[in-house]
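The primary structure of each chain is shown beneath.
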Amino acid sequence: MGPAITRVGPGRARRAIVAVAKAIGVGVVLVPAIVGSAALHLDLPAPRRFIGAQVNKILAGALPGTITLQRVGSLKLDRIAGVDARVFDPEGRLVLDVHGLSARFETMSLLRSLVGGDAVIVRISEATIDGVEVVLEEDAAGELGLVRAFVSSEPSTGGPSTSVEVTIDAIQIRHAWAHGQLAALPVLDADLKELRGAFASTSDTTVIDLKSVAIEARGLAGLSPRGEVTGHATIPANDDDAH
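Within each chain, residues carry numbers counting from 1 in the order of the written sequence. Per-residue local features are limited, in this predicted model, to residues with pLDDT of at least 70; the limit for side-chain atom pairs, both in listing and counting, is 80 or more; totals at the level of whole chains, interfaces and linings are taken over all residues. Side-chain calculation: all heavy atoms of the structure are included, whereas hydrogens and water are not.

A. Main features of the overall build of the chain. Segments assigned H or I by DSSP are reported as helices when at least four residues long, segments assigned E as strands when at least two residues long, and all are numbered from the N terminus. Looking only at helices and strands, the chain has four helices and eight strands in total. Secondary structure elements in the chain, listed N-terminal to C-terminal, are α-α-β-β-β-α-β-α-β-β-β-β. The proportion of buried residues among the 243 residues of the chain is 39%. For the chain, the share of sequence-separated contacts (at least 6 apart) that also reach a separation of at least 24 residues comes to 60%. Throughout, the Shrake-Rupley method with a 1.4 Å probe supplies accessible areas, and for residues the shown protein chains are the sole cover considered. Only carbon and sulfur atoms are counted for the fraction: they give 59% of the accessible area of the chain, which is about 12900 Å². Relative accessibility decides the category of a residue: with a 1.4 Å probe and only protein chains considered, values under 20% of the type maximum give buried, values over 50% give exposed, and everything between is partly exposed. Only heavy atoms matter for contacts: two residues are in contact if any of them lie within 4.5 Å across the pair.

B. Local environment of the pairing of strand β2 (residues 79-88). Paired strands, as defined in this entry, are two strands with at least two bridges between them according to DSSP. Here strand β1 (residues 66-76) runs beside β2; their pairing, made up of nine bridges, is antiparallel. Across the sheet, Arg71 pairs through a bridge with Asp84, a residue of β2. The antiparallel pairing of β1 with β2 creates a hairpin that spans two residues between the two strands. The sheet contact formed by β2 and strand β3 (residues 94-105) spans seven bridges and is antiparallel. Bridge assignment links Val83 to a residue of β3, and that residue is Leu101.

C. Structural context of the environment of Val213. For Val213, the position within the fold is in strand β7 (residues 205-218). Separated by 16 residues in the primary sequence, Val213 and Val229 have C-alpha atoms spaced 5.4 Å apart. Ignoring any residue separated from it by four or fewer positions in sequence, one finds Val213 in contact with Leu192, Lys193, Glu194, Leu195, Gly227, Glu228 and Val229.

D. Inspection of the pattern of salt bridges at higher detail. Salt bridge, as used here, is a side-chain nitrogen of Lys or Arg placed within 4 Å of a carboxyl oxygen of Asp or Glu. Applying the stated criterion to the full structure yields 16 salt bridges. Residues Arg93 and Asp89 are paired through a salt bridge, measuring 3.3 Å at the closest nitrogen-oxygen approach. By relative accessible area, Arg93 is classed as partly exposed at 46%. Residue Asp191 pairs with Arg218 through a salt bridge whose shortest N-O separation is 2.9 Å. Remark: Arg218 occurs in strand β7 and Asp191 occurs in strand β6 (residues 188-201); sequence separation between them is 27 residues. Judged by relative accessible area, which is 26%, Arg218 ranks as partly exposed. Members of the salt-bridge network, linked through shared partners, are Asp89, Glu91, Arg93, Asp139 and Arg148.

Now the structure itself:
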(Lines give C-alpha, C1' and ligand atoms only; values in the text may rest on other atoms or scores of the structure.)
Protein backbone atom coordinates (compact mmCIF):
# COMPACT_ATOMS: atom_id res chain seq x y z
CA MET A 1 0.00 0.00 0.00
CA GLY A 2 1.38 3.38 -0.97
CA PRO A 3 1.73 6.48 1.17
CA ALA A 4 -1.55 7.80 2.52
CA ILE A 5 -2.66 11.16 3.85
CA THR A 6 -4.93 10.76 6.84
CA ARG A 7 -7.52 13.40 7.61
CA VAL A 8 -8.13 13.55 11.34
CA GLY A 9 -11.28 15.25 12.47
CA PRO A 10 -12.04 16.75 15.88
CA GLY A 11 -13.07 14.66 18.84
CA ARG A 12 -11.81 11.70 20.76
CA ALA A 13 -9.43 10.31 18.14
CA ARG A 14 -7.45 13.54 17.98
CA ARG A 15 -7.55 13.97 21.76
CA ALA A 16 -6.24 10.43 22.27
CA ILE A 17 -3.31 10.88 19.90
CA VAL A 18 -2.28 14.20 21.43
CA ALA A 19 -2.64 12.78 24.95
CA VAL A 20 -0.33 9.87 24.19
CA ALA A 21 2.22 12.21 22.59
CA LYS A 22 2.24 14.42 25.68
CA ALA A 23 2.46 11.36 27.92
CA ILE A 24 5.76 10.43 26.34
CA GLY A 25 6.97 13.92 27.20
CA VAL A 26 6.00 13.47 30.85
CA GLY A 27 7.98 10.26 31.20
CA VAL A 28 11.03 11.44 29.33
CA VAL A 29 11.20 14.75 31.20
CA LEU A 30 11.09 13.22 34.67
CA VAL A 31 13.65 10.49 34.15
CA PRO A 32 16.52 12.70 32.84
CA ALA A 33 15.80 15.33 35.50
CA ILE A 34 16.42 12.76 38.22
CA VAL A 35 19.31 11.31 36.26
CA GLY A 36 21.08 14.66 36.49
CA SER A 37 21.10 14.52 40.28
CA ALA A 38 22.58 11.01 40.27
CA ALA A 39 25.20 11.57 37.57
CA LEU A 40 28.14 10.42 39.68
CA HIS A 41 26.61 7.01 40.32
CA LEU A 42 24.96 6.18 37.01
CA ASP A 43 24.56 2.61 35.76
CA LEU A 44 25.14 1.02 39.16
CA PRO A 45 22.36 -1.35 40.34
CA ALA A 46 21.57 0.51 43.58
CA PRO A 47 21.21 3.98 41.96
CA ARG A 48 19.05 2.50 39.20
CA ARG A 49 16.69 1.05 41.79
CA PHE A 50 16.71 4.35 43.71
CA ILE A 51 15.95 6.37 40.57
CA GLY A 52 13.13 4.01 39.64
CA ALA A 53 11.62 4.42 43.11
CA GLN A 54 11.96 8.22 42.95
CA VAL A 55 10.35 8.43 39.52
CA ASN A 56 7.45 6.29 40.71
CA LYS A 57 7.01 8.59 43.72
CA ILE A 58 6.94 11.72 41.54
CA LEU A 59 4.63 10.18 38.96
CA ALA A 60 2.19 9.10 41.67
CA GLY A 61 0.78 12.64 41.91
CA ALA A 62 1.56 13.96 38.47
CA LEU A 63 -1.27 12.35 36.47
CA PRO A 64 -4.88 11.23 36.92
CA GLY A 65 -3.71 7.67 36.27
CA THR A 66 -0.61 5.85 37.46
CA ILE A 67 2.74 5.15 35.78
CA THR A 68 5.05 2.65 37.45
CA LEU A 69 8.60 1.77 36.41
CA GLN A 70 9.11 -1.97 36.70
CA ARG A 71 12.76 -2.05 35.60
CA VAL A 72 15.58 0.27 34.50
CA GLY A 73 18.30 -1.72 32.78
CA SER A 74 20.87 0.96 31.96
CA LEU A 75 20.99 4.66 32.72
CA LYS A 76 23.38 7.32 31.46
CA LEU A 77 23.26 11.09 31.02
CA ASP A 78 22.15 10.92 27.39
CA ARG A 79 20.39 7.57 27.14
CA ILE A 80 18.30 5.02 28.96
CA ALA A 81 17.76 1.36 28.09
CA GLY A 82 15.96 -1.74 29.24
CA VAL A 83 13.00 0.11 30.76
CA ASP A 84 9.79 -1.74 31.58
CA ALA A 85 6.79 0.33 32.67
CA ARG A 86 3.05 0.08 33.15
CA VAL A 87 0.32 2.70 32.92
CA PHE A 88 -3.04 2.39 34.70
CA ASP A 89 -6.18 4.50 34.30
CA PRO A 90 -7.68 6.38 37.30
CA GLU A 91 -9.67 3.26 38.25
CA GLY A 92 -6.51 1.14 38.33
CA ARG A 93 -7.06 -0.74 35.06
CA LEU A 94 -4.05 -1.46 32.87
CA VAL A 95 -3.90 0.64 29.67
CA LEU A 96 -0.21 0.30 28.64
CA ASP A 97 2.39 -2.36 29.38
CA VAL A 98 5.77 -1.40 27.89
CA HIS A 99 8.80 -3.69 27.69
CA GLY A 100 12.35 -2.94 26.55
CA LEU A 101 12.14 0.83 26.09
CA SER A 102 15.42 2.46 25.04
CA ALA A 103 15.97 6.10 24.13
CA ARG A 104 18.72 8.63 23.39
CA PHE A 105 17.95 12.23 24.33
CA GLU A 106 19.58 15.65 24.31
CA THR A 107 20.18 16.23 28.01
CA MET A 108 21.63 19.76 27.84
CA SER A 109 18.74 21.28 25.87
CA LEU A 110 16.32 19.61 28.28
CA LEU A 111 18.12 20.97 31.36
CA ARG A 112 18.33 24.48 29.89
CA SER A 113 14.60 24.49 29.23
CA LEU A 114 13.87 23.18 32.73
CA VAL A 115 15.91 26.01 34.27
CA GLY A 116 14.90 29.03 32.26
CA GLY A 117 12.68 28.26 29.30
CA ASP A 118 9.03 29.04 28.63
CA ALA A 119 8.56 25.43 27.53
CA VAL A 120 10.17 22.13 28.47
CA ILE A 121 12.02 20.93 25.36
CA VAL A 122 12.45 17.18 24.98
CA ARG A 123 14.46 16.07 21.94
CA ILE A 124 14.87 12.33 21.45
CA SER A 125 17.08 11.26 18.59
CA GLU A 126 15.87 7.66 18.67
CA ALA A 127 13.52 5.52 20.72
CA THR A 128 12.93 1.77 20.55
CA ILE A 129 10.32 -0.40 22.26
CA ASP A 130 10.61 -4.18 22.11
CA GLY A 131 6.98 -4.81 22.97
CA VAL A 132 3.89 -2.98 24.19
CA GLU A 133 0.36 -4.02 25.10
CA VAL A 134 -2.26 -1.31 24.47
CA VAL A 135 -5.68 -1.72 26.06
CA LEU A 136 -8.40 0.40 24.44
CA GLU A 137 -11.53 0.37 26.60
CA GLU A 138 -14.16 3.09 26.98
CA ASP A 139 -16.00 4.07 30.14
CA ALA A 140 -19.76 4.80 30.32
CA ALA A 141 -19.15 8.31 28.97
CA GLY A 142 -17.25 6.98 25.97
CA GLU A 143 -13.82 8.17 27.17
CA LEU A 144 -10.81 5.95 26.59
CA GLY A 145 -9.02 4.79 29.72
CA LEU A 146 -5.73 5.46 27.92
CA VAL A 147 -6.67 9.12 27.55
CA ARG A 148 -8.05 9.44 31.08
CA ALA A 149 -4.76 8.13 32.47
CA PHE A 150 -3.01 11.26 31.20
CA VAL A 151 -5.72 13.92 30.83
CA SER A 152 -7.73 15.13 33.82
CA SER A 153 -11.49 15.43 33.45
CA GLU A 154 -11.43 18.36 35.90
CA PRO A 155 -11.58 21.83 34.31
CA SER A 156 -8.40 23.90 34.28
CA THR A 157 -8.01 26.42 37.11
CA GLY A 158 -6.77 28.98 34.62
CA GLY A 159 -3.34 29.33 36.28
CA PRO A 160 -0.10 29.44 34.31
CA SER A 161 1.25 26.16 33.04
CA THR A 162 4.46 25.05 31.37
CA SER A 163 4.08 23.51 27.95
CA VAL A 164 6.02 20.43 26.91
CA GLU A 165 7.47 20.16 23.40
CA VAL A 166 8.46 16.65 22.38
CA THR A 167 10.36 15.63 19.25
CA ILE A 168 11.25 12.04 18.44
CA ASP A 169 13.34 11.87 15.28
CA ALA A 170 13.05 8.10 14.92
CA ILE A 171 10.86 5.64 16.79
CA GLN A 172 10.65 1.88 16.35
CA ILE A 173 8.17 -0.48 18.01
CA ARG A 174 9.05 -4.07 17.26
CA HIS A 175 5.69 -5.48 18.37
CA ALA A 176 2.48 -3.98 19.72
CA TRP A 177 -0.71 -5.77 20.69
CA ALA A 178 -3.79 -3.54 20.73
CA HIS A 179 -7.03 -4.97 22.07
CA GLY A 180 -10.26 -3.92 23.72
CA GLN A 181 -13.85 -2.94 23.06
CA LEU A 182 -15.08 0.37 21.65
CA ALA A 183 -18.55 1.60 20.77
CA ALA A 184 -17.57 1.87 17.10
CA LEU A 185 -15.54 -1.35 17.17
CA PRO A 186 -17.01 -3.97 19.54
CA VAL A 187 -14.06 -6.34 19.15
CA LEU A 188 -10.55 -4.97 18.69
CA ASP A 189 -7.62 -7.38 18.49
CA ALA A 190 -4.63 -6.43 16.37
CA ASP A 191 -0.89 -7.03 16.17
CA LEU A 192 1.38 -4.29 14.86
CA LYS A 193 4.91 -5.27 13.89
CA GLU A 194 8.03 -3.27 13.05
CA LEU A 195 6.41 0.15 13.38
CA ARG A 196 8.78 2.92 12.27
CA GLY A 197 8.05 6.61 12.36
CA ALA A 198 8.61 9.98 13.96
CA PHE A 199 6.58 12.66 15.67
CA ALA A 200 6.74 16.16 17.07
CA SER A 201 4.31 17.69 19.55
CA THR A 202 4.08 21.31 20.69
CA SER A 203 1.36 23.34 22.36
CA ASP A 204 0.04 24.21 18.88
CA THR A 205 0.43 21.10 16.77
CA THR A 206 1.15 17.39 16.83
CA VAL A 207 2.76 15.90 13.71
CA ILE A 208 2.90 12.13 13.25
CA ASP A 209 4.86 10.51 10.44
CA LEU A 210 4.18 6.79 10.10
CA LYS A 211 6.85 5.41 7.79
CA SER A 212 5.72 1.79 7.93
CA VAL A 213 3.92 -0.78 10.06
CA ALA A 214 2.64 -4.29 9.40
CA ILE A 215 -0.87 -4.83 10.80
CA GLU A 216 -2.78 -8.06 11.35
CA ALA A 217 -6.24 -7.65 12.87
CA ARG A 218 -8.81 -10.20 14.00
CA GLY A 219 -12.48 -10.27 14.92
CA LEU A 220 -13.63 -7.37 12.73
CA ALA A 221 -17.09 -8.60 11.70
CA GLY A 222 -15.59 -11.93 10.66
CA LEU A 223 -12.74 -10.29 8.71
CA SER A 224 -9.02 -10.57 9.38
CA PRO A 225 -7.41 -7.63 7.57
CA ARG A 226 -3.66 -7.50 7.25
CA GLY A 227 -1.14 -5.42 5.34
CA GLU A 228 1.43 -2.63 5.37
CA VAL A 229 0.36 0.90 6.30
CA THR A 230 2.05 4.29 5.94
CA GLY A 231 0.65 7.71 6.69
CA HIS A 232 1.06 11.28 7.90
CA ALA A 233 -1.12 13.35 10.20
CA THR A 234 -0.93 16.99 11.29
CA ILE A 235 -3.18 17.68 14.27
CA PRO A 236 -3.70 21.30 15.43
CA ALA A 237 -4.39 21.65 19.15
CA ASN A 238 -7.15 24.29 18.81
CA ASP A 239 -8.23 23.86 15.24
CA ASP A 240 -10.44 21.45 13.34
CA ASP A 241 -8.32 21.77 10.19
CA ALA A 242 -6.23 18.62 10.57
CA HIS A 243 -4.71 16.72 7.69
